[in-house]
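Descriptive structure summary
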Amino acid sequence: MSSHQSPPALLRRSLLGALPLLLAFLLAAAPALAADPWSLGDRAGHRLNAQVFEQPFPEYPSGQRIRLNALEADLSLDHGADLLLSDSMGQEWSLPNRSEELVPRDGKPVPGASAQFDLDALLPRPSEALPLHLSIASSKGVLDFDLRPEQVMELHALGMAQPRSDQA
């Protein structure tokens with residue numbers, strides 16, 4: 001019996017050996033693509049999960065997004081309305097609805113419990129020192145949420161790590 005392995009066997013063995021390293025690299029890079037999810041609750045008991053991330057699909061415009069997911073079975077988010085943010089000094093932002101990016105461009109319906117918005121419209125960035133309020137249209141009317149200080153700081157810091165192409 002020979003200890004010599006054929007080239008295809010060596011290649012297969014090398015690829016299998018590299019797979020754990022590749023997976024570890026991809027998992028380590030994941031936090032750069034998406035921040036930790038937020039839990040939001042309003043005074044009426046409605047709950048949402050929010051996730052800030054970079055749009056990963058090349059068929060849609062690049063940029064930062066916030067995705068909201070209803071945590072109630074009978075709650076639908078409005079896919080035609082913008083997400084409204086406001087601070088305690090009267091500054092307001094209207095973030096365009098990008099819910100169509102939740103599904104491939106093959107005609108599948110957008111899930112009713114999820115909505116996605118363009119965070120690149122959050123200009124100027126909100127102050128990290130002021131309370132921030134979020135309003136979203138839903139099947140149960142407009143839902144209002146007060147963001148926690150760490151959530152406000154995350155929105156304030158968006159884009160600070162990478163200079164935008166429209167700035168000199």
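Here we take up the overall build of the protein. From N to C terminus, the protein includes two helices and eight strands. Listed by position from the N terminus, the elements making up the protein come as α-β-β-β-β-β-β-β-β-α. In the protein, which comprises 168 residues, the proportion classed as buried is 30%. Sequence-distant contacts in the protein: of pairs separated by 6 or more residues, those separated by 24 or more amount to 55%.

So, on to the sheet that holds strand β6 (residues 114–118). The four strands lie next to each other as β1-β2-β3-β6, forming an open sheet whose pairing is antiparallel. If you trace the sheet from one side to the other, it starts and ends with β1 (38–41) and β6, each paired once. The sheet shows a mean angle of 25° between the axes of neighbouring strands, taken without regard to direction. Both strand β3 (residues 64–70) and β6 contribute to a ladder of five bridges, which runs antiparallel. If you follow N69 over to β6, its bridge partner there is S114. The strands touched by helix α2 (residues 149–157) within the sheet are β1 and β2 (47–54), with β1 carrying the most contacts at an inclination of about 120°.

Counting residues in each nonpolar core, the largest one holds 27 residues, and the members touching the most others are L40, L48, I66, L68, I136 and L155. The contact partners of I136, leaving out residues within four places of it in the chain, are L48, L68, L77, L83, F117, G141, V142, L143 and F145.

Taken in spatial order, the four strands line up as β5-β4-β7-β8 in an open sheet, and their pairing is antiparallel. Strands with a single pairing partner mark the edges of an open sheet, and in this sheet they are β5 (92–95) and β8 (141–146). In this sheet, neighbouring strand axes are inclined to one another by 20° on average, regardless of whether the strands run parallel or antiparallel.

Burial along strand β4 (residues 83–87) is one-sided: L83, L85 and D87 are buried, and none of L84 and S86, which face the opposite way, are. Two strands pair when backbone bridges link them, and β4 and β5 are joined in this way by four bridges, in the antiparallel orientation. Residue pairing across strands places S86 opposite E92, the latter belonging to β5. Linkage of β4 to β5, two consecutive antiparallel strands, is achieved through a turn of four residues, within which G90 is found at a positive phi near 95°. By the bridge criterion, four bridges tie β4 to strand β7 (residues 132–138) in an arrangement that is antiparallel. If you follow L85 over to β7, its bridge partner there is L134.

For α2, every residue scored as buried is listed here: Q151, V152 and L155. Along the axis of α2, the buried residues cluster in a sector spanning 100°; they form a single face. The inward-facing, buried residues of α2 contact β1, β4 and β7.

On to the environment of S86, then. By the secondary structure assignment, S86 is in strand β4. Note: C-alpha distance between S86 and H133 (47 residues apart in sequence) is 5.2 Å. Excluding residues within four positions of it along the chain, S86 makes contact with Q91, E92, W93, P131, L132 and H133.

For the rest of this paragraph, the subject is the pattern of salt bridges. Throughout the structure, instances matching the rule amount to six salt bridges. Linking R65 and E101 is a salt bridge whose minimum nitrogen-to-oxygen distance equals 2.7 Å. Separated by 36 residues along the polypeptide, R65 in strand β3 and E101 in the loop between β5 and β6 bring together distant segments of the chain. Looking at R65, the relative accessible area reads 0%, which means it is buried. Residue E101 is classed as buried on the basis of its relative accessible area, which comes to 2%. Here R65 and D118 are joined by a salt bridge, their closest N and O atoms 3.6 Å apart. With a gap of 53 residues between them, R65 in strand β3 and D118 in strand β6 connect regions that are remote in the sequence.

Analysis parameters
Residues numbered from 1 in each chain as written. Predicted model: local features only at pLDDT ≥ 70, side-chain atom pairs only at ≥ 80, totals over all residues. Heavy atoms only, no water. Helix = DSSP H or I, 4+ residues; strand = E, 2+ residues; numbered from the N terminus. Buried < 20%, exposed > 50% of the residue type's maximum accessible area, 1.4 Å probe, protein only. Contact = heavy atoms within 4.5 Å. Pairing = 2+ DSSP bridges. Axes fitted to C-alpha atoms, helices over the stretch in contact; angles between N-to-C directions. Core = buried A, V, L, I, M, F, W, Y, C linked by side-chain atoms within 4.5 Å. Arc of directions from axis to C-beta. Salt bridge = Lys/Arg side-chain N within 4 Å of Asp/Glu carboxyl O.

Take it as geometry only, folks, not as evidence of what the structure does.
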